[in-house]
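Now for the letters of each chain:
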Amino acid sequence: MYHSLVRLLLVGLSDEASRTLSDVAPLEAFTHEVVIDPQPTDDAVAQAQLIIADGSGGDARGLAEHLARAKSPEADLILIAGHDQVPELEEVLERLADLWMAPLTPAELLFHFHRWQKERKHQADAWETHQYLEATINSIPSLVWYKSDDGIHHKVNDAFCATVNKTKEQVQGRGHAYIWDVEADDPACIESERQVMESRSTIVSEETVQTNDGTRLLTTYKSPLYNIDGTVMGTVGVGIDVTQERAYENEIVEKNRTLEAIFTSMEGGVITHSIDGRRVLGVNKAALDILGYQSEDELLSSGFDMIAASVIPEDAVTLRESIATLKHVGDSVSTEYRVRHNNGDIVHVMGNVKLVENDGELMYQRFLLDYTDKKLEEVQKERHQRDLIQALSEDYLLVCSFNLDTGTGVPLRVSHEKERHLDELFAGDLAMADCLAAYIDQGVHEEDAAMLRGALSADNLREELADTKRMSVNYRIRRGETVEYCQATIVRTGDWQDSHDVVLGFRSVDQQTRDEMKKKALLEDALTQANKASAAKSAFLSNMSHDIRTPMNAIVGFTTLAGSRIDQPEKVREYLDKIQSSSTHLLNLINDILDMSHIESGKVSLDEQPCNLPALLEDLYSIIQAETSARQLYFSIDTENLRHPDVRCDKLRINQILLNLLGNALKFTNPGGFIKVKLDELDGAPANHGRYRFTVSDTGIGMSPEFVERIFDPFERERTSTISGVEGTGLGMAITKNLVDMMHGAISVESEKGKGTTFTIELTLCLANPSQDAAKAAAAAHLAPNHRMRGSHILLVDDNDLNREIAVTLLEDEGFTVECAVNGQQAVDMVSAASPDHFQLVLMDVQMPIMNGYEATRAIRKLDNSQLASIPILAMTADAFEEDRQKALRCGMDGHLTKPIEMEKLFEALNLVLA
């Protein structure tokens, strides 16, 4: 029945381990929410129910202490550490749910995690069982206790504590005498429990116990409790306090005896009179008291004629009619009537009249019983029942009871809202067909009237309710100019086989119906958006089919032409330049797609470094100036309104944002047009921060208002490249918007067809310390490439034949000696078998069969020979994102290079490693 959401926080695990755990299916009744975060915040740790942290590659104790402090008390913390790290973890072991020894294979990782899942499931099942037990025994009024064979109470329920007027802490662990405040244990109780344990059966008995509130009588049910080995370990008892029931029984017995004495002594009212009602043949004192007279003479003088004058006139008519129905000796009739005494008191009389014969004379023998108190009690009970019906039907405008066979009924609750007129339509004794017809004709929406009339007909209700106890019908009513949604609910009552009785209720469901309609509209809108996104992706795929094939066709075509004209160097050079241009364009298309994919999956992170904003824009100017000149465009940059030019930011991402905007401006601005970049510093920034506004404007062709609304949606382009001749993915603006959002900034656009477009970006950036950052820059500049390792022996690890051929050629051209390995395992074998000075560097691919680059690096770092274990290892991979670089460094690599190898970047990386 229970359901549990388990938030898993994975800290420091490898990608493979994270994927392995993320792919594990939750057990029944559980849902997993996996968060992978190498450096989680305290809030993220506090929200997790399970934290699995890998400390094997660093400060395991510090990591464990930090996570243990930040996690919630109910969360489990599991630490992965090496055997050599265990001694330093002794002080934090008790705060861990488990300690897994590194390294872990995927199978071992799954084994540990499945074991944790099962333990979590056992805990949840035990909690549920405990909750069921507690809810059951504490919700019943009977006393429940569990005792060991030595008579000690180990568990009791709330009712038990209420009876003995003690808390559970006072009762549990104590014996009978202390609990019930007596001097010694009850021998009868001890004997009954002994019999239960010996007979191994349930024994029912009545026990009298002495409490501080007096003597209590309990009906007890005692059953044996068993050990795991089947022996009896104690008893479970259920005690029903029947003290009050016994008192009621004794009271009823006593009342019956009293009534018998009353009737025996003729204390009940008796009067006998002639059949014409003029002569009283006998009357006792009780009858005179009931009728309000002191004597028989007073009764006669008041005008007794079959009926005493004190009987209320309207009741006297009914009483006389009842007596007239007696035709034969022995016939009798019972009736109720009221009597008004001289002091104004009203007495309710239960009367019985019988036609008898005595000595050949017919006479009426009448018995009178004063049941005023009983009548008042019934009136009070009826009033209470009406109030209860009112309370239970509070949400209903009208509640009526009908018999479908007779078509008659009575109102139980009627709204008195004047505009509804329900109190006029449903008053007094009801004829079901007539009052429902009037209700439908008066206000039910004309489109629903026939449906509701058919649904509420007696024949339809008998048929529909034959198989179900309840049915509902929704309809509308008109209230002036508005429409209100209502619901009719019909419920069977009584025995359906004997009588077709129903309760019919009308209520307004306008608000909830409109809420449901609103939700439905939202769902339909979401579906429309999803369909729109699907259509956009379809259009994107169509565009990409063209846009990717265009440079690919050029690459293939010019490669063929170059091969056929090897003897024409100038032509070959021309074709190679065109192949290079097409390759660059194709790479840009692929980068856009990959950027969008990484942004949407949350894998892109910001690398904030010191940056001079005017210098950043000057670099941008250098990049763009050549193309603006070639396109005959005027390009300017304005940074005059800056007070704090030095900031900390991700220069690469800001460049990417501005280049995306300028790239569009270049594409869509005709020769002679203007492109401007303006940077302003705004007021209102937080302490140690600055607010900056970048404005990129052009006098290009502009955009339609419809397209401006969706310009930041993925895959959106106002016209395809097939039509416009301008190539692209339709992802540039979506990437730009997402990058601005990542920086907690804002981007807006204004555009007009034929007049141009202006993009405005506002960012809040942390201010930098110019002196410290300058020192760092000078230190970095000092590490200029000096090619100290030229001629070194390199191990190149790559599973792709073409990649190896290109890399070997480039490296050998620079004077390096190269050996190759085709997978991570072969690389580990070659390093471990080599002498310490054989290889000076390992260039390690990441994605390889048998053993990937991360695993191979970890294996090399664990070699017994410290010189071999510390050999410089650089990642050489097509995985070019920041998170890929961080992952490479975490696994023990010294640097990260992207394919294909660029020798300048290789020597820069080597200088950093050697420094």
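Scroll up to find the structure.
Keep in mind the model is a prediction, meaning the values are calculated, not measured.

## Quick look at empty space enclosed by the protein
For the coordinates displayed, the defined rule picks out five cavities of 30 Å³ or more. In this structure, the largest cavity encloses a volume near 90 Å³. Classifying every residue of the lining of the largest cavity gives six nonpolar, two polar and four charged.

## A word on a nonpolar patch on the surface
Taken together, V204, Y221 and I240 make up a surface patch of nonpolar side chains, about 240 Å² in accessible area. Residue placement: Y221 occurs in strand β9 (residues 214-226).

## A look at the environment of L843
On the secondary structure map, L843 appears in strand β31 (residues 841-844). Looking at L843, the relative accessible area reads 0%, which means it is buried. Along the sequence, L843 and D798 sit 45 residues apart, while their C-alpha atoms lie 8.5 Å from each other. In this structure, L843 is in contact with I794, L795, L796, V797, L811, L874, M876, L897, I901 and L906, ignoring residues within four places of it in sequence.

## Points about the sheet that holds strand β12 (residues 280-283)
Overall, antiparallel pairing links the five strands, which are arranged β12-β11-β15-β14-β13 in an open sheet. Because the sheet does not close on itself, it has two edges, and the strands there are β12 and β13 (332-340). Direction aside, neighbouring strands of the sheet carry axes that sit 25 degrees apart on average. Packed onto the sheet, helix α12 (residues 313-324) meets β13, β14 (346-358) and β15 (361-370) and runs at close to 165 degrees relative to β13.

## Let's talk about the pairing of strand β27 (residues 746-752)
Sheet topology places β27 next to strand β28 (residues 756-767); seven bridges connect them, and they run antiparallel. Bridge pairing in β28 links V749 to F759. Between β27 and β28, which pair antiparallel in sequence order, lie three residues; one of them, G754, sits at a positive phi of approximately 80 degrees.

## Some words on the sheet that holds strand β29 (residues 793-797)
The strand order β30-β29-β31-β32-β33 describes an open sheet built from five strands, whose pairing is parallel. In this open sheet, the two edge strands, each paired with only one partner strand, are β30 (817-821) and β33 (895-898). Strand-to-strand, the axes of this sheet are offset by a mean angle of 25 degrees, without reference to chain direction. Of the pairings in the sheet, the one linking β29 to β30 comprises five bridges and is parallel in character. Bridge pairing in β30 links L795 to E819.

## Examining the pairing of strand β3 (residues 50-54)
Burial within β3 is extensive, with four of its five residues counted as buried. Here strand β1 (residues 4-11) pairs with β3 via four bridges, running parallel. If you follow V11 over to β3, its bridge partner there is A53. Both β3 and strand β4 (residues 76-82) contribute to a ladder of five bridges, which runs parallel. For D54, the partnering residue across the bridge sits in β4 and is I80.

## Here we look at a negative patch on the surface
Together, D370, D373, E377 and E378 give the surface a local cluster of negative charge. No other element matches the three residues that helix α13 (residues 372-392) contributes to the negative patch. Looking at where E377 falls in the secondary structure, it is placed in helix α13.

## A word on the environment of K147
With respect to the helices and strands, the residue K147 is situated in strand β6 (residues 143-148). Each C-alpha atom, one on K147 and one on Q172, is 9.3 Å from the other, the two residues being 25 residues apart in sequence. Not counting the four nearest positions on each side in its chain, K147 is found in contact with I152, H153, H154, C189, E193, L225, M233, G234 and T235. At 2.7 Å, the side chain of K147 forms a polar contact with the side chain of E193.

## What about the state of the cysteines?
Counted by the stated rule, this structure contains zero disulfides. Take C400: it sits in no disulfide, and the sulfur closest to it among the cysteines is that of C435, at 6.3 Å. You can call C400 buried: its relative accessible area is 0%.

## A short note on the pattern of salt bridges
What the rule picks out here adds up to 40 salt bridges. The closest approach of N and O atoms between R120 and D76, which form a salt bridge, is 3.9 Å. One end of the pair, R120, is in helix α4 (residues 106-139); the other, D76, is in strand β4, and 44 residues separate them in sequence. Judged by relative accessible area, which is 15%, R120 ranks as buried. Under the relative-accessibility criterion, D76 is labelled buried at 18%. Between K155 and E134 there is a salt bridge whose closest N-O contact spans 2.2 Å. Of this pair, K155 sits in strand β7 (residues 153-156) while E134 sits in helix α4; the two residues are 21 residues apart in sequence, bridging distant segments of the chain. Note on accessibility: K155 and E134 belong to one class, buried. Through salt bridges that share partners, E134, K155, D158 and K168 make up one connected network.

## Some words on the packing of helix α27 (residues 824-833) against helix α28 (residues 853-861)
As a packed pair, α27 and α28 sit with axes 8 Å apart at the nearest point and diverge in direction by 20 degrees. Classified by the interaxial angle, the pair formed by α27 and α28 is roughly parallel. Helix-helix and strand crossings are classified by hand; for α27 and α28 the assignment is right-handed. Seen from α27, the contacting residues are G824, V828 and V831; seen from α28, they are A856, A859 and I860. When grouped by side-chain class, the residues that make up the contact of α27 with α28 number five nonpolar, one polar and no charged.

## Describing the side chain of S792
Inspection of the secondary structure assignment puts S792 in the loop between α25 (770-782) and β29. Not counting the four nearest positions on each side in its chain, S792 is found in contact with F816, T817 and Q840.

## Some details on the packing of aromatic side chains
In the structure shown here, the tally under the stated rule is 13 aromatic pairs. Judged by centre distance (6.4 Å) and plane angle (85 degrees), the ring pair of Y439 and Y475 falls under edge-to-face. Within this pair, whereas Y439 is found in helix α15 (residues 432-443), its partner Y475 is found in strand β19 (residues 470-479), the two being separated by 36 residues in sequence. Here the aromatic rings of Y621 and F635 are separated by 5.3 Å at their centres, their planes lie at 10 degrees, and the arrangement is stacked. One end of the pair, Y621, is in helix α20 (residues 613-630); the other, F635, is in strand β23 (residues 634-641), and 14 residues separate them in sequence. One aromatic cluster in this structure is built from F426, Y439, Y475 and F506. Just above the ring of Y178 sits the side chain of K166; from NZ or CZ to the centre is 5.6 Å.

What counts and what doesn't
- Residue numbers here run from 1 along each chain, matching the order of that chain's written sequence.
- Owing to the predicted nature of the model, reporting of local features is limited to residues with pLDDT of at least 70; listing and counting of side-chain atom pairs is limited to 80 or more, with chain, interface and lining totals taken over all residues.
- Each side-chain value is derived from all of the structure's non-hydrogen atoms; neither hydrogens nor water enter the calculation.
- With a 1 Å grid spanning the protein atoms alone, the term cavity applies to any set of points in which a 1.4 Å probe fits but cannot get out, the term pocket to an open set with protein on both sides within 12 Å along at least five of seven lines, and the term lining residue to any residue with an atom within 4 Å of a point.
- Grid points are joined across faces, edges and corners, and a volume is the space filled by probe spheres set on the points.
- By the convention adopted, Pro, Cys, Tyr, Trp, Phe, Met, Ile, Leu, Val and Ala count as nonpolar, Lys, Arg, Asp and Glu as charged, and the other residues, Gly among them, as polar.
- Residues enter a patch when their relative accessible area is above 30% and they make no salt bridge; the linking distance is 9 Å between like charges and 5 Å between nonpolar side chains (Val, Leu, Ile, Met, Phe, Trp, Tyr).
- Computed with a 1.4 Å probe, the accessible areas rest on the Shrake-Rupley method; for each residue, only the protein chains presented here act as cover.
- For salt bridges, the criterion is a side-chain nitrogen of Lys or Arg within 4 Å of an Asp or Glu carboxyl oxygen.
- Under the scheme used here, helices are H or I runs from DSSP no shorter than 4 residues and strands are E runs no shorter than 2 residues, and both carry numbers assigned from the N terminus.
- Think of it in three bands: with a 1.4 Å probe and only protein chains considered, a residue is buried below 20% of the maximum accessible area for its type, exposed above 50%, and partly exposed in between.
- In what follows, residue pairs with any heavy atoms lying within 4.5 Å of each other are defined as contacts.
- Any two strands between which DSSP finds at least two bridges are classified as paired.
- Only C-alpha atoms enter the line fits that serve as axes; for helices the fit covers just the stretch in contact. Angles between N-to-C directions range over 0 to 180 degrees.
- His is not counted here, nor are the chain ends, while Lys and Arg score as positive and Asp and Glu score as negative.
- Charged side chains are reduced to one point each, which is NZ for Lys, CZ for Arg, CG for Asp and CD for Glu.
- Each polar contact in these results corresponds to two N or O atoms within 3.5 Å; when the atoms are within protein, one needs to be able to donate a hydrogen and the other to accept it, and residues that are neighboring in sequence are counted only if both atoms are side-chain atoms.
- Only a pair of cysteine sulfur atoms within 2.5 Å counts as a disulfide in this structure description.
- Roughly parallel here means an angle under 35 degrees, roughly antiparallel means over 145, roughly perpendicular means 65 to 115, and every remaining angle is called oblique.
- Note on convention: near helix rotated counterclockwise from far helix by under a right angle means a left-handed crossing. Clockwise means right-handed.
- In summary, the pairing rule links any two rings of Phe, Tyr or Trp, Trp by its six-membered ring, whose centres are within 6.5 Å, and it sorts them by plane angle into stacked for under 30 degrees, edge-to-face for over 60 and tilted for everything else.
- Consider the ring centre and the ring normal. A charge sits over the ring if Lys NZ or Arg CZ is within 6 Å of that centre and within 35 degrees of that normal.

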